[in-house]
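Here's the letter readout for the chains.
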Amino acid sequence: MRWTERQRAMLREMGVPAFWPVEPEAVDAAPPAQASASHVAETPSAVVSAAAGSLAARPAPQGTRPEPLSVPAHATAASSPRRSDPPAEVVLGARPAGVEAMDWAALRAAVAGCQACSLSQSRTHTVFGVGHIEADWMIVGEAPGEQEDKRGEPFVGRAGELLDRMLEAVGLTRAEAPAAQQVFIANVLKCRPPANRNPLPQEVAQCEPYLLRQMALVQPRVVLAMGRFAVQSLLKSSEPLGKLRGRVHQVQGVPVIVTYHPAYLLRSPADKALAWDDLCLAREVLMQSRAQSPG
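Along each chain, residues carry numbers from 1 onward, in the same order as the chain's sequence is written. Two thresholds apply to this predicted model, a pLDDT of at least 70 for residue-level local features and 80 or more for giving and counting side-chain atom pairs, whereas whole-chain, interface and lining totals are computed over all residues. Hydrogens and water are ignored here; the side-chain numbers use all heavy atoms of the structure.

(A) Region of the structure containing the overall build of the protein chain. Of regular secondary structure, the protein chain possesses 10 helices and 7 strands. For the protein chain, with 295 residues in total, the buried portion stands at 52%. Using the Shrake-Rupley algorithm and a 1.4 Å probe, accessible areas are obtained, with residue cover drawn only from the displayed protein chains. Accessible surface, the protein chain as shown: approximately 13,400 Å² in total, 54% of it carbon and sulfur. In this description a helix means any DSSP run of H or I spanning at least four residues, a strand means any run of E spanning at least two, and both kinds are numbered starting from the N terminus. Buried means the residue's accessible area, taken with a 1.4 Å probe over protein chains only, is under 20% of the maximum for its type, while exposed means over 50%, and partly exposed covers the values in between.

As structure tokens, then:
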């Protein structure tokens, strides 16, 4: 593939050489972060592992998800809760009925007025999602952080800037553009957990139907799941994220590619090269989808 100077510059900003892994020494100027063996040795492959059943028709029972990690991918080290912090109490309420049949206007209104868990009491804004409603690419993140809560928009701040550079490197944008170039971005949770703590299983279960309905309405050709909680919600898997990378999963008949959250990549820049592999795999899956069903 021929790279323009602009693309090379964007890749250098991401800490990724243009032809990774031919030039592995150029991954990043910063010292590599300590990484577990589960994701150091991962390389993309064409193995397909299908998620069982339609998640839209059969949401997972409450409380069946794996316990979340102590440090959420969207939180900074300064705001991360201590391992000894007790889990917050979650007060559950009723979700609006008929989410699975809502159109965009009804779904947006349902999210804005949702009182299904206690996060509704502490939020400033719900974070519904942004982008082209018929986008080929859908980006799924974890939960809003402080800036997202203030603005009502996903992926803002430094993590959002890195995501924008990652998308631009493969010819995508969150700005106004045709469906083939503009992405749709949404989070698993539509409300910010207090102090950026981990999303709790009950909160994910209450919010999940909104995300699945967004997927059904967008009908993307590929979904990029960014971060552990996005992956756990979509794939219903407790496997480490590093072991789920490099494979094509299926959710509601849509290919899902697993990758790291941009906030994690800011803390562990050596893994930007792995995220670039994931972007390339997602682009390859998308090209195959377009070839099989042109137009």
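(B) Structural detail: the nonpolar core. Remark: nonpolar core denotes a set of buried residues (Ala, Val, Leu, Ile, Met, Phe, Trp, Tyr, Cys) joined through side-chain atoms within 4.5 Å. In this structure, Trp137 and Ile139 are the most contacted members of the largest nonpolar core, which totals 67 residues. The dominant element in this core, judged by the number of residues it contributes, is helix H10 (residues 272–292), at 8 residues. Two residues qualify as a contact provided that any one of their heavy atoms is within 4.5 Å of a heavy atom in the partner residue. Here Ile139 is in contact with Phe155, Leu167, Val183, Phe184, Ile185, Ala186, Leu224 and Met226, once residues within four sequence places are set aside.

(C) Main features of the environment of Lys190. Along the polypeptide, Lys190 turns up in the loop between strand E4 (184–187) and helix H6 (201–218). Here the alpha-carbon distance between Lys190 and Val127, two residues 63 residues apart in the chain, equals 4.9 Å. Residues in contact with Lys190, not counting those within four places in the same chain, are Val111, His125, Thr126, Val127, Phe128, Pro144, Cys207, Tyr210, Leu211 and Gln214. Contacts described as polar in this section are N or O atom pairs within 3.5 Å, which, within protein, must combine one atom able to donate a hydrogen with one able to accept it, while residues neighboring in sequence count only if both atoms come from side chains. Here the side chain of Lys190 touches Asn187 through a polar contact of 2.8 Å, landing on its backbone oxygen. One polar contact links Lys190 to Gln214, side chain to side chain, over a distance of 2.6 Å.

(D) Structural view of unusual backbone geometry. With phi around 55°, Gln219 is a residue other than glycine that occupies positive phi space. Relative to the helices and strands, Gln219 is located in the loop between H6 and strand E5 (222–226). Positioned with a positive phi, Gln252 is a non-glycine residue whose angle comes to about 55°. By secondary structure assignment, the location of Gln252 is in the loop between strand E6 (248–251) and strand E7 (254–259).

(E) Local environment of the packing of aromatic side chains. Side-chain rings of Phe, Tyr and Trp, where Trp is taken by its six-membered ring, are said to pair if the distance between their centres is within 6.5 Å; with planes under 30 degrees apart they count as stacked, over 60 as edge-to-face, and otherwise as tilted. By the definition in use, this model includes 3 aromatic pairs. One aromatic cluster in this structure is built from Trp104, Phe128 and Phe184.

(F) Highlighting the pattern of salt bridges. A carboxyl oxygen of Asp or Glu within 4 Å of a side-chain nitrogen of Lys or Arg is what we treat as a salt bridge. Scanning the entire structure with this criterion turns up 9 salt bridges. Put simply, Arg174 and Glu153 hold a salt bridge, and the shortest N to O gap is 3.3 Å. Of the two residues, Arg174 is situated in the loop between helix H5 (157–169) and E4 and Glu153 in the loop between helix H4 (146–151) and H5; the sequence distance between them amounts to 21 residues. We note a salt bridge from Arg174 to Asp164, for which the minimum N-O separation is 2.9 Å. Of this pair, Arg174 sits in the loop between H5 and E4 while Asp164 sits in helix H5, and the two are 10 residues apart along the sequence.

(G) How the structure looks around H5. Its 13 residues give H5 an end-to-end C-alpha distance of 19 Å, which sits within 8% of 18 Å, the value for a rise of 1.5 Å per residue. For H5, the set of buried residues is Ala159, Gly160, Leu162, Leu163, Met166, Leu167 and Ala169. Positioned one or two residues after H5, Gly171 has a phi angle of 80°, which is positive. Multiplying 1.5 Å by the helix residue count minus one yields the expected span of that helix.

(H) How the structure looks around the pairing of E5. With 5 of 5 residues buried, E5 is to be regarded as a mostly interior element. Going residue by residue along E5, you find Val222, Leu224 and Met226 tucked away on one face and Val223 and Ala225 tucked away on the opposite face as well. Two strands make a pair as long as DSSP finds a minimum of two bridges between them. Bridge count between strand E3 (residues 137–141) and E5: 4 bridges; the pairing is parallel. For Trp137, the partnering residue across the bridge sits in E5 and is Val222.

(I) Region of interest: the confidence of the model for the protein chain. Across the chain, each position has a pLDDT score giving the predictor's confidence in that residue, from 0 to 100. Taken as a whole, the protein chain shows an average pLDDT of 78; of its residues, 68% reach a score of 70 or greater. Segment residues 17–86 is flagged for pLDDT under 50; beyond a separation of four residues in sequence, or across chains, it makes 126 contacts in the model.

(J) The arrangement of helix H3 (residues 104–112) in detail. For H3, the full list of buried residues reads Trp104, Leu107, Ala110 and Val111. Taken down its axis, H3 places every buried residue within 130° of arc, on the same side. Opposite the packed face of H3, turned more than 90 degrees from it, sit the exposed residues Ala105 and Ala109. Comment: arc refers to directions from the helix axis out to C-beta atoms.

(K) Just the packing of H3 against H6, in detail. Comment: axis = line fitted to C-alpha atoms, over the contacting stretch for helices; angle = value between 0 and 180 degrees taken between N-to-C directions. Two elements in contact, H3 and H6, have axes whose closest approach is 11 Å; the angle formed by their N-to-C orientations is 160°. Taken together, the axis directions place H3 and H6 in an arrangement best described as roughly antiparallel. In this structure, the crossing between H3 and H6 has a hand that is left-handed. In contact with Trp104, Leu107, Ala110 and Val111 of H3, H6 contributes Tyr210, Arg213, Gln214, Leu217 and Val218. Split by residue class, the contact of H3 with H6 holds 7 nonpolar, 1 polar and 1 charged. Any angle between 65 and 115 degrees counts as roughly perpendicular, while under 35 counts as roughly parallel, over 145 as roughly antiparallel, and the rest as oblique. Handedness of each helix crossing follows the sense of rotation of the near helix against the far helix: counterclockwise by less than a right angle gives left-handed, clockwise gives right-handed. Each residue gets one label: Ala, Val, Leu, Ile, Met, Phe, Trp, Tyr, Cys and Pro are nonpolar, Asp, Glu, Lys and Arg are charged, and the others, such as Gly, are polar.

(L) Representation of the pairing of E7. Judged by how many residues are buried, E7 sits mostly within the fold: 6 of 6 residues are covered. Burial along E7 is two-sided: Val254, Val256 and Val258 and Pro255, Ile257 and Thr259, pointing in opposite directions, are all buried. In this sheet, E7 lies alongside E5 in parallel orientation, the contact comprising 4 bridges. Bridge pairing links Met226 to Thr259 in E7. Taken together, the 3 bridges between E6 and E7 define a ladder with antiparallel strand orientation. Bridging across to E7, Gln250 finds its partner in Pro255.

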